Structure formats: C-alpha cells, structure tokens
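# Observations on the three-dimensional arrangement
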Amino acid sequence: MKYLLILILTVGLFSSCIKAVDSQPKKGIKERRVTRHSQEKNVIRYDKSQNCRERMWVTREAKTRQAYQDIFYSQIVGEEISYHVTLPPFYHDNRDKEYPVIYWLHGSGASMRGVSYLSKLYYGLMKMGSLKEHIIIFPNGLANSMWIDSADGCTPVESVMIKELIPYINNKYRVKTQSDQTTIEGHSMGGYGALRFGFKYPDIFGKVSAIGPGPLQDDLFQGSEEYIAGIKVRQHVFNTIYGNSSKYYIANSPLELSKNYSKNEDRLTLRIIIGTNDDGFSATKIFHNKLLDQKIKHEYIEMQGIGHSPAEIMNEINSSQIKRKWLRFYNQGNSGKPSPSERQ
C-alpha cells in the first residue's frame, strides 16, 4: 500500500510538470495573450447614451510572422481591445535591455495589410542593422475614428491610446519611456493622428512622422469627390466623429493644436512626407507653410510622382538616396533635430 501511494503521487507530480511545460510558449510560436485589468467599482465609463453601433475593437490577426496580436481590457469602453506588436529580433536575448518605441497609426479602413507590410519592413531593417532596434506598436484605431474622442461618445480612441494603451505597453514591454525615445507615426488618417498627438502630448511623443496626412484642410468637404475618402464617408465622419460641428473639427485639427504647441517649440523632431500625386498634396503644403509661419521646426519631404499610398512611399524611400536620411530620423535622439525647412 505504501509503495502504491508513492507511485500515485509520483505520477501526479510528473503529470503536473508536463502540463506546466506545455503551457509555456514554444520558441517560434506566436502568442495571443489576453490581459484583463481588475474591475473597479468606481470606473469612469465613456458616455454611450447615443446607442452606439458595435465597433470592431478586436481586429482579425495580421498575417505576418514579424508581429503578433495582443488584447487588453479597456475600462474606458468596457470591452477588450486589440493591437499588434513587432519586437526587435534580439529582444529575448538580453532581458535587461530597454528599447525605444514606435506607435504606428493606420489610416481609414484599419486594414491589417499595413501591419503585415510594415512589420516585415521594419523587422528586416532592424535585423540588418540599418535601423536601431525598436519595439513597434500598431494600435487599433477603428475604421474612421480620426484618432480622436468622437463627439458622439462612441469612439474614445484618443483616451484609450493615452490613458490605457501607452501605460499598458510601458508595463508589459521593456520600453524606454522618455519622450525622445517615443515616436508617433502614421499614414493618412494615421498621419493626421500622429500630428495631433505630437502637438497635444509633446511630453509623451518626442518624434512625429506624418506620411500623407489628412485631412489638413480648413473644411473637411474641400477637395474633389474622390479626395482620399468619398463624400459619403466624409459626411458620416463629420456627423459622428465631429458631431456635425465645424468648431469641433477645427478644435481637434493638427493646425489648431500646433498653435498651443508653438509656445513650447523645439520639443519635437517633426517630419512630414507627402507624394506630389497625393490628393492631399495642396492641403499638406499649405499646412507645411503655416508651420513655418509659426517657426515650428520640421522636415518636409515631397515624393515626386507618388500618390496616397504608404507602400509606394516606403518602396520609393527604400530604393532611393534619401533612405539614409529617412533612417536617421529613428536612429538619432532629439538633439539631432533638423533645421527649419525652407519655404517651397
């Protein structure tokens, strides 16, 4: 009986060990982690009295080996929210090393193809040593949120980003949290969001890169019917995101936010890239000149013959003479700020 009891205990212990080993993530296997914050009684919920339609706070997983999807619980919206992350190639080799971080904001539509393309591009550059190792975060900004807190109370994307996602990232990964080690970058709606966040939160984001940003015009309905988003989409965004209010649209615009920032100039390393065939080219050039009028230092790059496509811009940069200059933006600290651009 004594030996039988020892045998049972031994088998049980062996079984527990096997389960513990199996529960560990295997090398080369992507993890899909879900983290739920503790529910507090006095949580401030965002106003949903407008009977918001269902939002895709959790996207499908991007098809790439260079990024994985993670999900956290948002107390602001009361739902799980996803994002994707690309870790440096040698992140797990040195457990004490911290890394600068890039928040890459997608454009309207929130396609996961951008995550797949960009994660492969940046991961490859880091592996080759051309790009300093960064942690790259691809937040979920929904299809047409404009990366702001919407007037209808249904898409508090800005609050989620600043109050929840960034603190969550700072706690979960080994990131350098100083502003000069934190880049905000994006294309189209994401470029618009990057400019907004940079001017509004310079204590968080020390580097801002806006690629084909928009909308930058004073009136959302300026431009042709085909301008970036059609009239119907713009009307929907104006009604829901901006509350059918031109004042709300202007108040949240990058230009308006830059006016407050200009009092604290020289805090940002700012870059704007625009294709000359982009529908938003004229509005971006006007915005560039208005920044010059405010003496806000920035780098302004025009890509000849390129339209409203981040892939076109990235491919052109990767094969052109400005690649080294483009990479220097990420690799240098804020002490290496570019001189003010010349008016063009």
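What you see is a predicted model; the values in this text were computed from it and never measured. (Residues numbered from 1 in each chain as written. Predicted model: local features only at pLDDT ≥ 70, side-chain atom pairs only at ≥ 80, totals over all residues. Heavy atoms only, no water.)

To continue, consider unusual backbone geometry. Residue Pro-215 is reached from Gly-214 by a cis peptide bond, and omega for that bond is 10 degrees. Relative to the helices and strands, Pro-215 is located in the loop between β7 (207-211) and α5 (231-240). In this structure, Met-146 takes a positive phi of about 60 degrees despite not being glycine. We note that Ser-188 has phi near 60 degrees; this positive angle belongs to a residue other than glycine. Owing to a relative accessible area of 5%, Ser-188 belongs among the buried residues under this scheme. (Helix = DSSP H or I, 4+ residues; strand = E, 2+ residues; numbered from the N terminus. Buried < 20%, exposed > 50% of the residue type's maximum accessible area, 1.4 Å probe, protein only.)

Grouped together as the largest cluster of nonpolar side chains are 61 residues, with contacts concentrated most on Ile-135, Met-161, Tyr-173, Phe-199 and Tyr-242. Look past the residues within four positions of Met-161 in its chain and what remains in contact with it is Tyr-103, Leu-105, Pro-139, Trp-147, Ile-166, Ile-184, Phe-197 and Phe-205. Within the second largest apolar cluster, 26 residues are counted, among which are Ala-67, Ile-301, Met-303 and Phe-329. (Core = buried A, V, L, I, M, F, W, Y, C linked by side-chain atoms within 4.5 Å. Contact = heavy atoms within 4.5 Å.)

Turning our attention to the side chain of Ser-150. Note on placement: Ser-150 falls in the loop between β5 (135-139) and α3 (157-172). Residue classification places Ser-150 among the buried positions, given a relative accessible area of 2%.

Per the stated rule, a full pass over the model turns up 4 cavities of 30 Å³ or more. In this structure, the second largest cavity encloses a volume near 80 Å³. Lining the second largest cavity, in full, are Trp-57, Phe-72, Ile-81, Ser-82, Pro-139, Asn-140, Trp-147, Val-157, Val-160, Met-161 and Leu-165. Breaking the lining of the second largest cavity down by element, the ones donating at least two residues are β3 (79-86) and α3. At 4 residues, α3 tops the list of elements feeding residues into the lining of the second largest cavity. (1 Å grid on protein atoms, 1.4 Å probe; cavity = no way out; pocket = protein on both sides within 12 Å on 5 of 7 lines; lining within 4 Å. Points joined across faces, edges and corners; volume = space filled by probe spheres on them.)

Its 13 residues place the ends of helix α8 (residues 281-293) 19 Å apart at the C-alpha level, agreeing with the 18 Å of an ideal helix rising 1.5 Å per residue. Among the structural elements, α4 (189-200), α7 (254-261), β8 (269-275) and β9 (299-303) are those in contact with the buried residues of α8. Remark: Lys-295 follows α8 within two positions and exhibits a positive phi of approximately 60 degrees. (Expected span 1.5 Å × (residues − 1).)

A separate point is the packing of aromatic side chains. Under the defined criterion, the tally for this structure stands at 13 aromatic pairs. Their ring planes at 85 degrees and their centres at 6.2 Å tell us that Tyr-103 and Phe-205 sit as a pair that is edge-to-face. Residue Tyr-103 is located in strand β4 (residues 101-105), and its partner Phe-205 is located in the loop between α4 and β7; the two are separated by 102 residues in the primary sequence. In this structure, Tyr-103 and Phe-205 share a single accessibility class: buried. Among the aromatic residues, ring-to-ring pairing joins Tyr-103, Phe-197, Tyr-201 and Phe-205 into one connected group. Over the ring of Phe-329 we find Arg-271; its NZ or CZ atom is 4.0 Å from the centre of that ring. (Phe/Tyr/Trp six-rings, centres within 6.5 Å; stacked < 30°, edge-to-face > 60°. Lys NZ or Arg CZ within 6 Å of the ring centre and 35° of its normal.)

Of all 8 residues in β3, 6 are buried; the element is thus mostly enclosed. Note: strand β2 (residues 68-74) against β3, 7 bridges, orientation antiparallel. Across the sheet, Tyr-68 pairs through a bridge with Val-85, a residue of β3. Adjacent in sequence and paired antiparallel, β2 and β3 are bridged by 4 residues, among which Gly-78 carries a positive phi angle near 70 degrees. (Pairing = 2+ DSSP bridges.)

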